[in-house]
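What follows is each chain in one-letter form.
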Amino acid sequence: MTRNVKRFLAGSLLSLTPSIAFAGQIELDFPDFLTQRSEYVSVREGAVQLPVRKGPSVEAIGPAVEDFFVSNQAGVDLHLGIQILTGSFNGTWNTHPVPPSTYGGFQVGAPAPAPTVVQQYYYTVDPANPAGSKTCVWRVEVTDNAGTCTAQVFFGTYGGALCTVDEAQSSIDPVTCQTQVVTNMQ
């Protein structure tokens, strides 16, 4: 019986270790919404390489427009929060907060990547407490690698939100760096 109890305790403690470590660290430099939290908060992260836009380009690498859209499938209004803005904020599309079952978004006039331009933003159902409610954080990195632009979208989720990147509608122009990121939040 003692052996079974030890095995049970060891298994229980080992299963808690990744959860505790995961709840306390953020790998992709997302905002640390968790430092003021005393209870367990689930955080998930991921990354997506944006597909290359189809069709010819007419310009060279330089300042480019970056369009960021979100499809609100959360059932309540989504509030925008911008944490890193590289370039100029050109405004929003549709009403903000973004009503349920609609698209919203914003545009940034970004400088030419030298070598990287970063935008980091989030949508949340509760702007007063993003870590305690459904929140999706996205970090978009546009990079110039020897005259070709690429983009990666990193994302983190809080409060049980489901955050995805719509790769079919998202793209980057490899010559101009013009970027469109379409995301979904449930």
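Quantities reported herein were computed from a predicted structural model and do not represent experimental measurements. (Residues numbered from 1 in each chain as written. Predicted model: local features only at pLDDT ≥ 70, side-chain atom pairs only at ≥ 80, totals over all residues. Heavy atoms only, no water.)

**Q** Describe the packing of aromatic side chains, with residues and values.
**A** Taken as a whole and assessed by the stated rule, the structure comprises seven aromatic pairs. Seen from their ring centres, Tyr121 and Tyr123 are 6.3 Å apart, and the 85° between their planes marks the pair as edge-to-face. Note on Tyr123: relative accessible area 1%, which makes it buried. Among the aromatic side chains, those forming a connected cluster through ring pairs are Phe68, Phe89, Phe106, Tyr121, Tyr123 and Trp138. (Phe/Tyr/Trp six-rings, centres within 6.5 Å; stacked < 30°, edge-to-face > 60°. Buried < 20%, exposed > 50% of the residue type's maximum accessible area, 1.4 Å probe, protein only.)

**Q** Report on the pairing of strand S5 (residues 103-110), specifying residues and quantitative values.
**A** Across eight bridges, the pairing between strand S2 (residues 64-72) and S5 is antiparallel. Note that in S5 the partner of Phe69 across the bridge is Gly105. As paired strands, strand S4 (residues 88-93) and S5 are joined by five bridges and run antiparallel to one another. Note that in S5 the partner of Gly91 across the bridge is Gln107. (Pairing = 2+ DSSP bridges. Helix = DSSP H or I, 4+ residues; strand = E, 2+ residues; numbered from the N terminus.)

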